[in-house]
Amino acid sequence: MRRWHGLDDVPGEWGRSVVTIGVFDGVHRGHQRLVDRTAELARELGLPTVVITFDPHPDEVVRPGTHPPLLCTPKRRAALLAGLGADAVMVLPFTLELSQMGPDEFVQSVLVDRLHAARVVVGEDFRFGHRAKGDVALLKELGGKYDFEAEGVPLVADGQPISSTLVRERLAGGDVEGAARLLGRPHRVEGVVVRGAQRGRDLGFPTANLESLPHTAIPRDGVYAGYLNCDDYGRTHDDRSAGHPDARWPAAISIGVNPTFEGSERTVEAYALDRDDLDLYGAHVSVDFTARLRDTLKFDSVDALVEQMRHDVDRARELTRE
């Protein structure tokens, strides 16, 4: 899979292609339907599939300060799109200049001059060009002018509309299972492991404290079951003897401010079940959320907190048993 950052990365000899465009935040099941249709057309025509996505999120450029919580990083987004059959993913920097292009100029400079689009597939509510003046009808009209065909596809799954906004709403309510149904997989939060207060280790449950990227969509405060992943763990650690060759561990995950200890900073902490030997400081890790266990609570004593944590770990173990 080719990955391009901007139009200048497209090879000069690049021929005709079938293109789909969108932010694709989360690459949810509606997006998957869109990419599947694009890949289907590409196979019929014997052409490569190209996916155009944007970074940063267009809302942050058009309306600064309104950046929505992001469901996945640009790198993760590109990997998910490649897994759907994209031959090339272009991460197009969304700049003020780009936002001010008229619909015709956008189509000519992005779809025609660089990608030589033969077909263009978009969501049926797709908007483009300055002040979002372009829609699917105009895209089809411009296709007649520039020798490509365009079509709009409804972003639905099981007959129900799906949007990134709807996924964010599920996560904001702590409904990680509902979000997973919309995404087609568990929601993931990525970050670098940093040193926290280290209370978990003192209590017998050493946790990886994630410093997540800005604007990350983090589920509602609470305790969850899921998985802790570290893709680069095997490069510096021989973990095969422990039965985890892929460095993926069932986990109990806590989100909140640690009210029992009068905390004020919101954290995402993951305890790899039954593992007290992991050295993950400085590593890039991810957490997959599969089920919500309970709300964040303030306990009257440390002993009461530890007792509840034991129950949480037992429940997480049941839910992640494979």
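Note that the structure is predicted; figures quoted are calculated from it, not measured.

Colleague: What is the right way to look at the pairing of strand β13 (residues 267-272) in this model?
Modeller: For a regular strand, side-chain orientation follows a simple rule: the groups alternate between the two sheet faces. Burial runs high along β13: 6 of the 6 residues are buried. Burial along β13 is two-sided: T267, E269 and Y271 and V268, A270 and A272, pointing in opposite directions, are all buried. Where strand β10 (residues 208-212) lies against β13, 3 bridges are found, and the strand directions are antiparallel. Of the residues in β13, the one forming a bridge with N209 is E269.

Colleague: What is the right way to read the domain arrangement of the chain from this model?
Modeller: A common way to express how large an interface is: the accessible area buried when the components associate. By the assigned domains, the chain splits into domain 1 (2-153) and domain 2 (187-319). Computed over C-alpha atoms, the centres of domain 1 and domain 2 are 36 Å apart. Taken together, the contact between domain 1 and domain 2 spans 7 residues of the former and 7 residues of the latter. Surface buried jointly by domain 1 and domain 2 totals about 630 Å² across both partners, of which 57% is contributed by carbon and sulfur atoms. Per-residue buried area on domain 1 facing domain 2 is highest for L71, T73 and R76; these three make up 56% of the total on that side. The tally of links between domain 1 and domain 2 comes to 2 residue pairs in polar contact (both at pLDDT 80 or more).

Colleague: Got a minute to help me understand the packing of aromatic side chains in this structure?
Modeller: What describes a pair of aromatic rings is the distance from one ring centre to the other and the angle between the planes of the rings. The final tally for this structure, using the stated rule, is 6 aromatic pairs. The interplanar angle of 90° and the centroid separation of 4.9 Å between the aromatic rings of W4 and W14 together place this pair among those described as edge-to-face. Here W4, found in strand β1 (residues 2-5), pairs with W14, found in the loop between β1 and β2 (17-21); they are 10 residues apart in sequence, far enough to count as distant. Overall, W4 belongs to the buried group, its relative accessible area being 4%. In this structure W14 comes out as buried when scored by relative accessible area, which is 11%. Measuring from ring centre to ring centre gives 5.4 Å for F205 and Y271, while their planes differ by 90°; the resulting arrangement is edge-to-face. Pair noted here: F205 is in the loop between α9 (199-203) and β10 and Y271 is in strand β13, with a separation of 66 residues, a long-range link. We note that F205, like Y271, is buried. One aromatic cluster is present, formed by F106, F126 and F128 through successive ring pairs. Looking at R195, its charged tip hangs above the ring of Y281, at a distance of 3.8 Å from the centre.

What counts and what doesn't
- Residues numbered from 1 in each chain as written.
- Predicted model: local features only at pLDDT ≥ 70, side-chain atom pairs only at ≥ 80, totals over all residues.
- Heavy atoms only, no water.
- Buried < 20%, exposed > 50% of the residue type's maximum accessible area, 1.4 Å probe, protein only.
- Helix = DSSP H or I, 4+ residues; strand = E, 2+ residues; numbered from the N terminus.
- Pairing = 2+ DSSP bridges.
- Domains from an automatic or database assignment.
- Contact = heavy atoms within 4.5 Å.
- Buried area = accessible area lost by both parts, 1.4 Å probe.
- Polar contact = N/O pair within 3.5 Å; in protein donor to acceptor, adjacent residues only side chain to side chain.
- Phe/Tyr/Trp six-rings, centres within 6.5 Å; stacked < 30°, edge-to-face > 60°.
- Lys NZ or Arg CZ within 6 Å of the ring centre and 35° of its normal.

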